[in-house]
Amino acid sequence: MLDHGAPPHNGGPAAPQSEGVGMRLMRRKPVERLVAEGGRGEGGALRRSLGLWQLTMISIGATLGTGIFVVLGEAVPKAGPAVTLSFVIAGLTALFSALSYAELAGTIPVSGSSYSYAYATMGELIAWVCGWCLMLEYGVSVAAVAVGWGEYLNELLDGTIGVTLPAALSAPPGDGGIFNAPALIVVLLAMAFLLGGARESARANTVMVLVKIGALVLFCAIGVQGFRSGNYENFMPLGMAGVSAAGATLFFSYIGFDAASTAGEEAKNAQRDLPRAILLSLAIITALYVLVAAVAVGAKPWRQFTDSEATLAQIMREVTGQSFWGTLLAFCAVVAIASVVLTVLYGQTRILFAMSRDGLVPKVFARVSPRTGTPRANTLIVSLFCGVLAAAVPLGQLADATSIGTLFAFALVNVAVVVLRRSRPDMPRSFRVPLSPLLPALGLGFCLWMMGSLSTVTWVVFGVWMAVGLVFYFLYGYRRSRLAAPAPSEAK
């Protein structure tokens, strides 16, 4: 049945004229219909080829990127040696939302992630707002991360063959260049893997994830040789305020753990594996972050940390006395960023796939190639858009706004898990958030707190983005929504 909706009719996707605008905006899509439509696209279906290992690597690939390679230089001066505690606090903050994601991913195993969860619990308008936020989180962050890839590529080229790309070809207009060619190249490389199929791109991502995990383990093995216990004598020099400030900064290093939820329609056993992949990836990432931070502060007095992007490379050079390690870390950063571009681009295409199937964005995004089982046109359009955005547009505050879009989506997921518990208490759940609604409420509170700590400019950019999204919805999605059309089983 349809929550808040009129019975299906035979006149196509348009809603009955007697249905009010308010009722239509609040109409929810039944979970059974979401699941029944899973994998179906225009002209073909997505292939279920991903197991627990690949799903976990997707979440790690989207999360473990430039953050840990550059974040210590910014966070340590705020917290001192207690930065390890800041990582734990940030990880716990992420955990509250991850628990909600895990329950909903196991209950509603579809590609739309928080967009689909909102559609099933809070109605079409809120679902659209959530999906629009996810476009900001995934689409723009692909472009922002791709820009960073060019910087590390230059560092790697300089350390290996002694040359760098000219500024005109490695930065967009407004940032000292004409066209950022490396940013476009890394997006196109990711596109090529995605067009080959979900299984093939998952394999490539797994290799890249293992490389960057290996790099961090290698850093710990080398850095521990310079460990000095005296560096921890004044553990919390700036008090809990410093620990909290660093924790807020570090939280954004955890964004991406939800990427596995976008693979719900390509997982072999989505209800079992999605919750496990989300929580397992967060546990692995938190353990790596805390270990790297502990070794780094033990090897280098906290007052000597700066906001340099090469903090880990500097520590390895100081411990070994060799420049080789800086070049090695640059190589690993190039691999790490490429993995983030690949997995985040994957997530963006699958979210658009779900929104297109619901009629809220054009049909082209739901077309599936029968040969590869992938949304080829979707992948091409999104990749070219993100690649050109990264290569030709200075992102500025728009890139910063990805954080607020992510936090807004996380907040909605924490609300959705409580709403679904109350509206459908008997629905089978492969994972349940413990101490609900307390933990989801804490997740919501932390998200709102972090959103409130962002700059006014970021809020203005976010407001403009949302206004554009609402205009698009009322001009296109509102009129073409398929929610009032018969479900597949009803149409036969």
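For the structure itself, look to the data block above.
A few points on the structure. (Residues numbered from 1 in each chain as written. Predicted model: local features only at pLDDT ≥ 70, side-chain atom pairs only at ≥ 80, totals over all residues. Heavy atoms only, no water.)

Considerations on the overall build of the protein
Then step 1. The helix and strand inventory of the protein stands at 19 helices and 0 strands.
Then step 2. In terms of overall dimensions, the protein is globule-like: its C-alpha atoms have a radius of gyration of 23 Å, near the 23 Å expected for 492 residues.
Then step 3. When the backbone C-alpha atoms are referred to their principal axes, the protein occupies close to 75 × 50 × 40 Å.
Then step 4. Counted over contacts in the protein with a minimum sequence separation of 6, partners at least 24 positions apart contribute 83%.
Then step 5. When the 34 positive and 26 negative side-chain charges of the protein are each reduced to one mean point, those points stand 9 Å apart. (Helix = DSSP H or I, 4+ residues; strand = E, 2+ residues; numbered from the N terminus. Rg over C-alpha atoms; globule rule 2.2 N^0.38 Å. Contact = heavy atoms within 4.5 Å. Lys, Arg positive; Asp, Glu negative; His and termini not counted. Charge placed at Lys NZ, Arg CZ, Asp CG, Glu CD.)

Quick look at unusual backbone geometry
Backbone geometry follows two general trends: most residues other than glycine have a negative phi, and most peptide bonds adopt the trans configuration.
Then step 1. In this structure, proline 437 follows serine 436 across a cis peptide bond, with omega equal to 10°.
Then step 2. Tracing the chain through its elements places proline 437 in the loop between helix H16 (397-423) and helix H17 (438-452).
Then step 3. Even without being a glycine, serine 113 presents a positive backbone phi close to 55°.
Then step 4. Residue position: serine 113 is located in the loop between helix H6 (83-107) and helix H7 (114-121).
Then step 5. The residue leucine 435 is not glycine, and still its phi comes out positive at about 55°.
Then step 6. Relative to the helices and strands, leucine 435 resides in the loop between H16 and H17.
Then step 7. For leucine 435, a relative accessible area of 60% gives the class exposed. (Buried < 20%, exposed > 50% of the residue type's maximum accessible area, 1.4 Å probe, protein only.)

Remarks on the packing of H6 against helix H12 (residues 270-299)
Then step 1. Running from N to C, H6 and H12 point in directions that differ by 175°, and their axes come no closer than 9 Å. Classified by the interaxial angle, the pair formed by H6 and H12 is roughly antiparallel.
Then step 2. Among the residues making up the contact of H6 with H12, the classes are represented as 21 nonpolar, 6 polar and no charged. (Axes fitted to C-alpha atoms, helices over the stretch in contact; angles between N-to-C directions. Parallel < 35°, antiparallel > 145°, perpendicular 65-115°, else oblique. Nonpolar A, V, L, I, M, F, W, Y, C, P; charged D, E, K, R; others polar.)

Concerning the environment of alanine 259
Then step 1. Among the secondary structure elements, alanine 259 is positioned in the loop between helix H11 (239-251) and H12.
Then step 2. Separated by 121 residues in the primary sequence, alanine 259 and tyrosine 138 have C-alpha atoms spaced 9.5 Å apart.
Then step 3. Residues contacting alanine 259, with those up to four places away along its chain left out, are Ile58, Ser59, Ala62 and Tyr138.

What about the nonpolar core?
Then step 1. Of all hydrophobic cores here, the largest spans 147 residues; its most connected members are Leu72, Val83, Phe87 and Phe219.
Then step 2. Apart from residues no more than four positions distant in its own chain, phenylalanine 87 is found in contact with Ile68, Val71, Leu72, Leu250, Tyr254, Tyr289, Val290 and Ala293. (Core = buried A, V, L, I, M, F, W, Y, C linked by side-chain atoms within 4.5 Å.)

Observations concerning the packing of helix H10 (residues 198-223) against H12
Then step 1. Where H10 contacts H12, the two axes come as close as 9 Å, and the packing angle between them is 30°. Overall, the two elements H10 and H12 adopt an arrangement that is roughly parallel. In terms of crossing hand, the pair formed by H10 and H12 is left-handed. For the pair formed by H10 and H12, the contact residues are Ile213, Leu216, Phe219, Cys220 and Gly223 on the first element and Leu288, Leu291, Val292, Val295, Ala296 and Ala299 on the second.
Then step 2. A per-class count over the contact of H10 with H12 returns 10 nonpolar, 1 polar and no charged. (Left-handed = near helix turned anticlockwise from the far one by under 90°.)

Quick word on the pattern of salt bridges
Then step 1. One pass over the structure, following the stated rule, counts 10 salt bridges.
Then step 2. For arginine 33, the salt bridge is made with glutamate 37, and the minimal N-O distance between the two is 3.2 Å.
Then step 3. Accessibility expressed as a relative area gives 9% for arginine 33, which makes it buried.
Then step 4. What you see here is one network of salt bridges that share partners, running through Lys29, Arg33, Glu37 and Asp358. (Salt bridge = Lys/Arg side-chain N within 4 Å of Asp/Glu carboxyl O.)

Some details on the packing of aromatic side chains
Then step 1. For the coordinates displayed, the defined rule picks out 22 aromatic pairs.
Then step 2. With a centroid separation of 5.5 Å and an interplanar angle of 25°, the aromatic rings of tryptophan 128 and tryptophan 132 are classed as stacked. Here tryptophan 128 and its partner tryptophan 132 are both found in helix H8 (residues 124-160), 4 residues apart, which amounts to about one turn of the helix. Each member of the pair, tryptophan 128 as well as tryptophan 132, is classed as buried.
Then step 3. Taken together, Trp128, Trp132, Trp465, Phe472, Tyr473, Phe474, Tyr476 and Tyr478 form an aromatic cluster joined through their ring pairs. (Phe/Tyr/Trp six-rings, centres within 6.5 Å; stacked < 30°, edge-to-face > 60°.)

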